[in-house]
There are 2 protein chains.
Amino acid sequence: MTRAELIKNIENKKSVLCVGLDPDLTKMPSLFPSNSNGVVEFCKGIIDATADYAVAYKPNLAFFESLGESGWEALAKVADHLKDYPQHFSIADAKRGDIGNTAKMYAEGILVKLGFDSITVAPYMGKDSIEPFSILGKWGIALGLTSNPGAQDFQMKKMEDDRYLYEHVLDAYKEWISPENWMIVVGATREVSMRKIRHQLPEYFFLVPGVGHQGGTIKHVMDSGVFTSGIGVGVLINASRSICYASSDKNYASAAAKEASRLHEEMKYYWPQ
Amino acid sequence: MTRAELIKNIENKKSVLCVGLDPDLTKMPSLFPSNSNGVVEFCKGIIDATADYAVAYKPNLAFFESLGESGWEALAKVADHLKDYPQHFSIADAKRGDIGNTAKMYAEGILVKLGFDSITVAPYMGKDSIEPFSILGKWGIALGLTSNPGAQDFQMKKMEDDRYLYEHVLDAYKEWISPENWMIVVGATREVSMRKIRHQLPEYFFLVPGVGHQGGTIKHVMDSGVFTSGIGVGVLINASRSICYASSDKNYASAAAKEASRLHEEMKYYWPQ
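Since this is a predicted model, take the numbers as computed values, not measurements.

Participant: Let's hear about the overall build of chain A: which residues, and what values?
Facilitator: Check the secondary structure of chain A and you find 11 helices and 8 strands. Each of the three principal axes of chain A carries a C-alpha extent, and together these read 55 × 45 × 35 Å. Taken across its 273 residues, chain A has 54% of its residues classed as buried.

Participant: Pulling in residues and values, what's your account of the environment of Asn101(A)?
Facilitator: All names here are of chain A. Take Asn101: it is sitting in helix 5 (residues 100–113). Overall, the presence of 16 C-beta atoms within 10 Å leaves Asn101 in the partly exposed class. Here the alpha-carbon distance between Asn101 and Gly230, two residues 129 residues apart in the chain, equals 39 Å.

Participant: Report on the sheet that holds strand 3 (residues 89–96) of chain B, specifying residues and quantitative values.
Facilitator: Residue and element names in this part refer to chain B. One closed barrel holds the 8 strands; their spatial order is 1-2-3-4-5-6-7-8, and the pairing between them is parallel. Going across the sheet, the axis of each strand differs from the next one's by a mean of 30 degrees, ignoring polarity. Of the pairings in the sheet, the one linking strand 1 (residues 17–21) to strand 8 (residues 235–239) comprises 3 bridges and is parallel in character. Within the sheet, the bridge partner assigned to Val19 lies in strand 8 and is Ala239. Strands in contact with helix 9 (residues 218–225) are strand 7 (205–208) and strand 8; relative to strand 8, the strand with the most contacts, it is inclined by about 155 degrees.

Participant: Give me the lowdown on the relation of the copies chain B and chain A, citing residues and values where you can.
Facilitator: After a rotation of 180 degrees and a shift along the axis of 0.0 Å, chain B superposes on chain A with an RMSD of 0.0 Å. In the structure described here, the two chain copies are related by an operation that fits a two-fold rotation axis. The overlap is high: 100% of the interface residues of chain B also sit at the interface in chain A, so the same surface is used on both sides.

Participant: Account for the sheet that holds strand 6 (residues 182–186) of chain A, naming residues and giving values.
Facilitator: Residues and elements named next belong to chain A. Judged by pairing direction, the barrel is parallel, and its 8 strands sit side by side in the order 1-2-3-4-5-6-7-8 before closing back on the first. Ignoring strand direction, the axes of neighbouring strands in this sheet form an average angle of 30 degrees. The pairing of strand 5 (residues 139–145) with strand 6 spans 5 bridges and is classified as parallel. Across the sheet, Ala142 pairs through a bridge with Ile184, a residue of strand 6. The sheet contacts of helix 9 (residues 218–225) involve strand 7 (205–208) and strand 8 (235–239), and relative to strand 8 the element is tilted by about 155 degrees.

Scoring rules and cut-offs
Residues numbered from 1 in each chain as written. Chains lettered and ligands numbered in written order. Predicted model: local features only at pLDDT ≥ 70, side-chain atom pairs only at ≥ 80, totals over all residues. Helix = DSSP H or I, 4+ residues; strand = E, 2+ residues; numbered from the N terminus. Buried ≥ 20, exposed ≤ 12 C-beta atoms within 10 Å, placed from the backbone. Pairing = 2+ DSSP bridges. Axes fitted to C-alpha atoms, helices over the stretch in contact; angles between N-to-C directions. Contact = placed C-beta atoms within 7 Å. Least-squares fit on C-alpha atoms with pLDDT ≥ 70 in both.

As structure tokens, then:
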């Protein structure tokens, strides 16, 4: 999916909702078998129920890998199901990061073989661990500032020029990777507003790992995520558990749809004019 | 495997050789089919040929994932084969790193389900992305200073106290994780000697991503890797391509054995008295 297509899909639907698929055997409705087949059916059910409201889906690879060898088979089936929704942007939340020749292999497996539109990647190993994910027609999504408590440990440490590590990471991204096929993971924290990060990165899409907890409101994220050019809401806002586990009963799909619709309505209400 | 057992295995064999398994379809001997079955047989062949000289094996997960859904099946078969060598320490080179509940899932899949002794993990997301890998009887191996060119980009950046980022990361590890079940990935670079890092982390095992290129000699790595207590050589030195692709012919196994034996002989020759 090109950047122009993604922006069009978002504007047409007035939605920046990304549904995170974190299939957890201990939380899935009991009508599904507690195995990889159950995981596939559950994920398909969530996708089908929420497709009208979402513009993106983000399977979290850890939850599939936790199943052992059958997990990747399940992941491939979910990836296949997502191909029935070509207007929806698919994200493999994998946070891979390794040296060049190894990164290339991850890109081959996840973007080419499984066919995801994009993959999340981690920056600790530097430029040669990031660049191999720049593959024609695919996207990389690089960690910038995350919203977990551990973001304080290194990302929010001050460098010798008195700026935070995460700011240096974002500067490096501006040199290395293009907003045409790269997004940045940005969680708002208590100390850093999304507006500040938008100022640093005027034209990149942000993948926002969820609102509510520390991340401020949907309105705030959308307002401050608008591209500096003024054209387009440059964020995807992820919601995982609140949608996937809206109900653990037979009505799980309608409950997921209801929560996705609620989030979509809020996005429409605050859509920038 | 406990730390005491690992040290005993190393001292008995006078070897710190870790064989990296990076099965690349384009480099594998042509006698193997160019698919996941071929990968399994090739890896088994390398393992069987080098077991007398090595103390550890390190499959690189990217090379398995590059095969798509059949890759994890292949990985599980290689992991099973490694169980026939309980004296050899197994490392899933996965470089995972994500928030706490997700990290827990990676640990479940790779350490529990696939049964690896250890997994490599990345620190960018901080403490809650590291700690979940502290599982009874298993090891985590955390990135410290890597040896790729990209190590310059962030790891070797100066912080406000004029120390490098990687030094802060190592300080954090000392607080968070124990040398009883954690190793640190340490590649020597032009600017930083392994001796300096041993001084900072007196009792942690180092996984050293290879010698020769920028990393100095086996003698140097072994000498400076000795635990500060003076008891035990606290490193594992990885060699991947030089062993796996010593020959691309029918004699690949004997060629791999020869190269592993050569490295082992060098280790024995320089074994600290």
